[in-house]
Structure formats: structure tokens, C-alpha cells
Amino acid sequence: TTTAPVTPLLRFPEGFRWGVATAAFQIEGHTTADGRGQSIWDTFAATPGKVLNGDGGDPACEHYVRYREDVALIKSLGLTDYRFSIAWPRIQPTGSGPANEAGLDFYDRLVDELLGAGINPVATLYHWDLPQALEDAGGWTNRETSYRFAEYAEIMARRLGDRVRDWSTLNEPWCSAYLGYVNGHHAPGRTEPLAGLQAVHHLMLGHGLAVRAIRDSVPAQASPRISVVLNLAQVDPVGEGDEEAVRKVDGLSNRVFLGPLFHGGYPEDVKDDTAHLTDWSFVQDGDEKIIASPLDWLGINYYTTTRVRVLEDAEAPTPGPLPGLRGVEQLPAREPLTGIGWEQDPSGLVRLLTRVSRDCPELPLFVTENGAAFPDTVAEDGSIDDIERLAYYDAHLRAAHEAIEQGVNLRGYFAWSLMDNYEWAFGYSQRFGLTHVDYETQTRTVKRSGHWYSRVARAGGIVPID
Ligand code: GBH
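This section reports on the structure supplied with the text. Because the structure is a prediction, the values reported are computed rather than measured.

Let's shift gears to the nonpolar core. If you look at soluble globular proteins, the nonpolar side chains tend to sit buried side by side. Core analysis: the biggest nonpolar cluster contains 134 residues, and Trp41, Ile86, Tyr107, Met156, Tyr178 and Tyr453 have the highest contact counts within it. With 9 residues, helix α9 (residues 193–217) is the largest single contributor of residues to this core. For tyrosine 453, the residues in contact, after removing those within four places along its chain, are Trp18, Gly19, Val20, Leu79, Leu397, Tyr413, Ala415 and Leu434. The next biggest cluster of nonpolar side chains, apart from the first, holds 14 residues, and it includes Ala21, Phe366, Ala372 and Tyr392.

The strand order β7-β9-β10 describes an open sheet built from 3 strands, whose pairing is mixed. Looking at which strands have only one partner, the edges of the open sheet turn out to be β7 (234–237) and β10 (328–330). The mean inter-strand angle of the sheet, taken between neighbouring strand axes irrespective of direction, is 35°. Here strand β9 (residues 305–310) runs beside β10; their pairing, made up of 3 bridges, is antiparallel. Paired with valine 310 across the two strands is valine 328, which belongs to β10.

What follows is about empty space enclosed by the protein. With a probe scaled to a water molecule rolled over the atoms, the places where space remains empty come into view. Scanning the entire structure with this criterion turns up 3 cavities of 30 Å³ or more. One number sums up the size of the largest cavity: a volume of about 50 Å³. Ile40, Trp41, Tyr126, Trp128, Trp140, Cys175, Ser176, Tyr181, His186, Ala187 and Pro188 together form the lining of the largest cavity. When residues of the lining of the largest cavity are traced back to their parent elements, those giving at least two are α2 (40–45) and α8 (173–181). Here the element with the most residues in the lining of the largest cavity is α8; it accounts for 3 residues. When the residues that make up the lining of the largest cavity are grouped by side-chain class, the tally is 9 nonpolar, 2 polar and no charged. Quantified by volume, the second largest cavity comes out at close to 40 Å³. Thr22, Ala23, Ala24, Ile27, Glu28, His63, Tyr82, Phe84, Ser85, Phe106, Tyr107 and Leu110 together form the lining of the second largest cavity. Among the residues making up the lining of the second largest cavity, the classes are represented as 8 nonpolar, 3 polar and 1 charged.

What follows concerns the environment of glutamine 344. For glutamine 344, the location among the structural elements is in the loop between β10 and α13 (346–359). In this structure the C-alpha to C-alpha distance between glutamine 344 and arginine 159, which are 185 residues apart in sequence, comes to 40 Å. Once you skip the residues sitting within four places of it in the chain, glutamine 344 turns out to touch Pro336, Leu337, Thr338, Phe374 and Tyr392. A polar side-chain atom of glutamine 344 sits 3.3 Å from the main-chain carbonyl oxygen of leucine 337.

Next up on the list: the side chain of arginine 355. With respect to the helices and strands, arginine 355 occurs in helix α13. Apart from the residues within four sequence positions on either side, arginine 355 is in contact with Asp250, Asn254, Arg255 and Leu258.

Calculation notes
- Residues numbered from 1 in each chain as written.
- Predicted model: local features only at pLDDT ≥ 70, side-chain atom pairs only at ≥ 80, totals over all residues.
- Heavy atoms only, no water.
- Core = buried A, V, L, I, M, F, W, Y, C linked by side-chain atoms within 4.5 Å.
- Buried < 20%, exposed > 50% of the residue type's maximum accessible area, 1.4 Å probe, protein only.
- Helix = DSSP H or I, 4+ residues; strand = E, 2+ residues; numbered from the N terminus.
- Contact = heavy atoms within 4.5 Å.
- Pairing = 2+ DSSP bridges.
- Axes fitted to C-alpha atoms, helices over the stretch in contact; angles between N-to-C directions.
- 1 Å grid on protein atoms, 1.4 Å probe; cavity = no way out; pocket = protein on both sides within 12 Å on 5 of 7 lines; lining within 4 Å.
- Points joined across faces, edges and corners; volume = space filled by probe spheres on them.
- Nonpolar A, V, L, I, M, F, W, Y, C, P; charged D, E, K, R; others polar.
- Polar contact = N/O pair within 3.5 Å; in protein donor to acceptor, adjacent residues only side chain to side chain.

Printed below as a string of C-alpha cells:
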């Protein structure tokens, strides 16, 4: 399905990694197989009104039984890396206690299949599927969850650490904390601003504990490369005088994570901005040191951009997911939009990468997700001509290249996603895949964007749109 490599228009550095990403709940299906426990997303999806059309984690892409075919697909695209997540409830059905062998065995087989195909596995431990039993005990608002997460990390490092080198602890703690506990758009669907800040801290504490657990538990010969994946926001001011709005939104979106990871602790201005909600006494002595455990790389997920301005009334609450935010107006998305309604701004990726690079000069960076949803049309001959998605990838890869030229230490790029899948609160209505999935037949068909991305990966750089 792919043609011979061509000379790229824009060449990426030697050794640049070309990957695709997925997440367990979005692709696996078979949600009750082999002793898998219930996750907060099973509960949420089964709650009327939470997910479009009441869609749940079945069938998804039935990857749980089709993983061999999916690995072969990744191989056929000529990609170097596959970023996937492990479903905690398959490993510990209630979030604590002994591991479920059948669950471990699935990821064992997946990793072996990848290695056999010459694809580097990049494993994420937590992509939002918290065991429901832990949520029943308070979820990420409960400090105990951080310790449970580290135990789970240890189980996985012991089991896969001889073969998996690249680990991410959390995917997008911003989403877990703010969509899960502040605006309730994601599981567990709570709407308590204070809970959102507690969740931030317990996610980050869990991250730090997990980093240590992985380093302590992998086999002696293994040298793990450990990371966290953040959906950092590119925040721009509407005009002069709006810097204060940028500071606040950047604080709650970005620096609340980057601060304890790389700069010695939670930013004072973020604590001040949220003082009406909490005195941050949930942060205990020593926690910030644990969160600062050294990382080998940072994953950044980028989709869109945000413009903000100050409100005259600095105390006026700003509706939305950022806990306790006041005095800020977020502007509506501008054209061109993707099919899910998010603004397209490739230049925002350059600004974001150069900023993080200035912030953390030595740190290797990866774009761990980037992509676009559009409604696809399957032609008579079965082909999918998704030129809008292809153009989105082309523009964002050019942006990534531009960032590298500006000195950013960008080591790889993962498209979201390998295939159409369960898009959370949007159910199966939004398609992000380089590969089309027919949910009736489970047939995978590589789209025009997927064929193009395959040529990009083989060429080691951007190739013409044919
Ligand atoms: C990622 O989330 C997830 O990791 C992945 O599982 C998911 O499928 C993928 O992206 C696509 O959604 O409300 O208009 O201001 C990304 C979540 C998307 C959250 C952009 C913030 C802001 C858009 N982020 N969103 S808007």
C-alpha cells in the first residue's frame, strides 16, 4: 500500500522517531474479558447523558483480540514507534492487591508482537481509566490513590521492564483533574473546583512515586527512559494589557504541572490565584521533591490554541474547566476549525515547543499526540480521501520542523491516532484515525493521510502531497 521512499522536501534529524498513538479504553473493547475490573469510564459511559449516543468502551476497535493485525498495520506503515496505554483495571481490577495474570499477559503479548515487528513500544501507565473501586474511595482527591498508582507502576515495570524502555506515567493530568473533577465533562464527572486542585496534586504525586517505582523495579540491565505526557496549552493575549490573563491561564494550565516537575514546586502566583478555594495544605512536606524526580523526556500533546483577555472585574468567575479562575475571558475558536470544532493553529506548536525548550533546555521533547477529527467519506471503491486531515498533519509537521530549526530538542512525533476510536464524551462520532475503522465489520482501511504519513516516516521528512 506504500510507494518507495522519496527525497523529503523538509528533512528531519537523523534518528527522529515517527510514531502513532492510541489509548487502551479508546481501542481495546472486550471490557469484561479475562477479569478486567470496571473503570470510571465504564461507569461514566453507562450514565445517561454523559457520552454522546450513550456510546461505551465496546466494541471500540476490538484491539484486545485484533492486536496482531494492528501491529502488522503499524509495521506496514513503516513507523518506528507505537505509543499505547495499559488499562489499570486489567492489571488490578479493583486498583489494589495482586496482579491479574490474564491482564498482564495481554500486554506481554502486545509488547512481544511490537518488538518482533521492529517497533519500539512506548507505554503509558495511565490514560484516564481509573479502577472504579478507587474512585469510590475518593479517586484522585484521595492521597491514597497516588500510592496505589505507584504500586501498579511497580507491577508493570517488573513485568515489562526487560523489554519496554520508554515509559510515560500519566497522559494529560490536566484532563484527568479538570475535565474529570471541575467541569465534569469526563469521568468521574464531578464538578468541584477544589477537588480539581487536589486531583492535580495527587496525580503529580502519583507520577513522582511511579517514576521512582519504575527506576527501582526494572531489571538491573534495563535503562528505562521515563516521562510524563502533558497537554500544554498555547495561550496568547488578545491585545496589549492582556498579559495578566495569559499569566493566570498559563499558570493553571501549564505551570501548575511544569513548576513541581522542573522548577522546584507549585508556582506562588497559582497558589495566590486559587487562595479562595484552598490553602494547598494537601501538599505535604517532601511531596514536591518526589514530583521533581528526574525525567528522561517530556511528552507534549498539541491540538489547538487559546486566546484570552482580562475582564474589567478581576474577581468575576471564568466559567470552564480551570478551577477558581477569575477575571479572564477566553475567546471563541477562530476558523479554520477541525471537525470537532477546535481551532487550527500550526504556528501555536512552534510557540509552545520553543517556550518549553527555553524552560527546560536540556530535556528531550516528543510530540506525543497531534492530529485532527474530520467526518470521513468512504468512496465507492472503499478509499478515504481525507485531504483536510492530511493538510493538518502537513502544516503541523512543518511547524515541528520549524521548531527544530529554532533549536528545540524535539526527538519524535506521534500522530493521534493510528485508527478511528472511542473519542471519550463524543463516543464514536469523531474520527481521528490515519486508518478508518468500520465499527460493524472492524475493517481497517488506511486513509489518504495515513498513506502520506507513511511516506513521511520512510523518507524521514515531509514529502509532497500527492
Ligand atoms: C487527547 O486529549 C487525549 O489524550 C486523547 O485520548 C484524545 O482522543 C485526543 O486528545 C483527541 O481529543 O475545548 O475547544 O478549548 C486532548 C484533550 C483537547 C483538551 C483540546 C482541551 C481544548 C479544546 N484536549 N481541548 S477547546
